[in-house]
Amino acid sequence: MQAQIVLYDGFDPLDVIGPFEILAAGSEFVGGELAVSLVSAQGARSVPSGTLGLTLPATGALDPDKAGCVLVPGASGPIAGDPDEGVETIPVLLARAAGTELSPLLAKAFQNPEITMATVCGGSVIMAMAGLIEGRHAVTHHLGLDLLDAAGVNAVAARVVDDGDLVSSGGVTSGLDLALHLLDRWYGPRIAHAVEELFEYERRGIVWRNTGREPQEV
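Residues numbered from 1 in each chain as written. Predicted model: local features only at pLDDT ≥ 70, side-chain atom pairs only at ≥ 80, totals over all residues. Heavy atoms only, no water.

- An unreviewed UniProt entry lists the protein chain under the name DJ-1/PfpI family protein, with Mycobacterium paragordonae given as the organism.

## Description of the overall build of the protein chain
In step 1: Across its full length, the protein chain holds seven helices and 12 strands.
In step 2: Its C-alpha radius of gyration of 16 Å places the protein chain within 12% of the 17 Å reference for a compact globule of 218 residues.
In step 3: With respect to the principal axes defined by its C-alpha atoms, the protein chain has extents near 50 × 50 × 35 Å.
In step 4: Buried positions account for 50% of the 218 residues belonging to the protein chain. (Helix = DSSP H or I, 4+ residues; strand = E, 2+ residues; numbered from the N terminus. Rg over C-alpha atoms; globule rule 2.2 N^0.38 Å. Buried < 20%, exposed > 50% of the residue type's maximum accessible area, 1.4 Å probe, protein only.)

## A look at the state of the cysteines
In step 1: In the structure shown here, the tally under the stated rule is zero disulfides.
In step 2: Looking at the unpaired Cys121, the closest cysteine sulfur is the one in Cys69, lying at 17 Å.
In step 3: What makes Cys121 buried here is its relative accessible area of 9%. (Disulfide = S-S within 2.5 Å.)

## What about the pairing of strand E6 (residues 68-72)?
Here is the key point about a regular strand: its side chains alternate between the two faces of the sheet.
In step 1: With respect to burial, E6 is a largely interior element, five of its five residues being buried.
In step 2: When strand E1 (residues 2-7) meets E6, the two strands line up parallel, connected through four bridges. Of the residues in E6, the one forming a bridge with Gln2 is Gly68.
In step 3: Here five bridges tie E6 to strand E7 (residues 115-120), and the two strands are oriented parallel to one another. Each bridged residue has a counterpart across the sheet, and for Val72 the counterpart in E7 is Thr119. (Pairing = 2+ DSSP bridges.)

## Here's the deal with the environment of Leu71
In step 1: With respect to the helices and strands, the residue Leu71 is situated in strand E6.
In step 2: The buried category is assigned to Leu71, whose relative accessible area is 0%.
In step 3: Counting along the chain gives 109 residues from Leu71 to Leu180, while the straight-line C-alpha distance between them is 13 Å.
In step 4: Setting aside its immediate chain neighbours within four residues, Leu71 contacts Gln4, Ile5, Val6, Asp15, Pro19, Ala118, Val120 and Leu178. (Contact = heavy atoms within 4.5 Å.)

## Side note on the packing of helix H1 (residues 13-29) against helix H6 (residues 174-187)
In step 1: H6 packs onto H1 with a crossing angle of 25 degrees between their chain directions and a minimal axis gap of 8 Å. One element, H1, and the other, H6, form an angle in the roughly parallel class. In this structure, H1 crosses over H6, and the sense of that crossing is right-handed. Where H1 approaches H6, its residues Gly18, Pro19, Ile22, Leu23 and Gly26 are matched on the opposing element by Gly175, Leu176, Ala179, Leu180, Leu183 and Trp186. (Axes fitted to C-alpha atoms, helices over the stretch in contact; angles between N-to-C directions. Parallel < 35°, antiparallel > 145°, perpendicular 65-115°, else oblique. Left-handed = near helix turned anticlockwise from the far one by under 90°.)

## Quick notes on the sheet that holds strand E2 (residues 35-40)
In step 1: As summarised here, the arrangement of the eight strands in space is E5-E2-E1-E6-E7-E11-E10-E12, forming an open sheet in which the pairing is mixed. Two strands in the sheet have a free side with no partner beyond their single neighbour: strand E5 (60-61) and strand E12 (207-209).
In step 2: Sheet topology note: the E1/E2 ladder contains six bridges and is parallel. When the sheet's bridge partners are listed, Val6 is paired in E2 with Val39.

## Brief notes about the environment of Ile206
In step 1: Summarising the element assignment, Ile206 is placed in the loop between helix H7 (189-199) and E12.
In step 2: It is 15 Å that separates the C-alpha atoms of Ile206 and Thr173, two residues lying 33 residues apart in sequence.

## Here's the deal with H7
In step 1: Turning to H7, its buried residues are Ile191, Ala192, Ala194, Val195 and Glu196.
In step 2: As for H7, its buried residues are in contact with H1 and H6.

## Examining the pattern of salt bridges
In step 1: Counted according to the given criterion, the structure contains nine salt bridges.
In step 2: A salt bridge links Lys108 to Asp65; the shortest N-O distance between them is 3.8 Å. In this pair, Lys108 is assigned in helix H3 (residues 102-110) and Asp65 in the loop between E5 and E6, connecting sequence segments 43 residues apart.
In step 3: Note on Lys108: relative accessible area 41%, which makes it partly exposed. (Salt bridge = Lys/Arg side-chain N within 4 Å of Asp/Glu carboxyl O.)

Written out as structure tokens, the structure is:
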């Protein structure tokens, strides 16, 4: 199984490194069955993040034909500012990524029944801006939930939202919970628990699914 974590200009480093380490540790506990890699739409290149110029290397191109998971992180940058004055805010960075060759590759990956699409923070906004998750249930950072709503996505204020082949998580640190949930889905709770013990981290909250009874108003 392949876990491809997507890099694009302006990505948030923790959105990438958190899930990368969790999934890499999970791979060790299952004998290396899970291959974890950093990719980009353009192929192998050094990709600048949005945090102090930190760069990470994409070792290859995103392949929508590989079974497993494609994970899209959010962006790092100013929250406020005037884009007309050259301020590259997080929404600007996300929109730019959605306007690249990344979007058609994500669209193709969505069509592959052997791929689970996953997002951290603004990664779901990229998919929403590309028109890929209209009508689906997803979450992003709490400051961006209105962007999902505007794109026709059913925004859910939960730490992790499991909508079948689309699993999304909220801001930054929720990427740890997302990756642990994916390990739980693929390999079971003992593998996820072993990784939790290794990193001395416990998942927070309940993974939201569109199942069960509707809560009554109180």
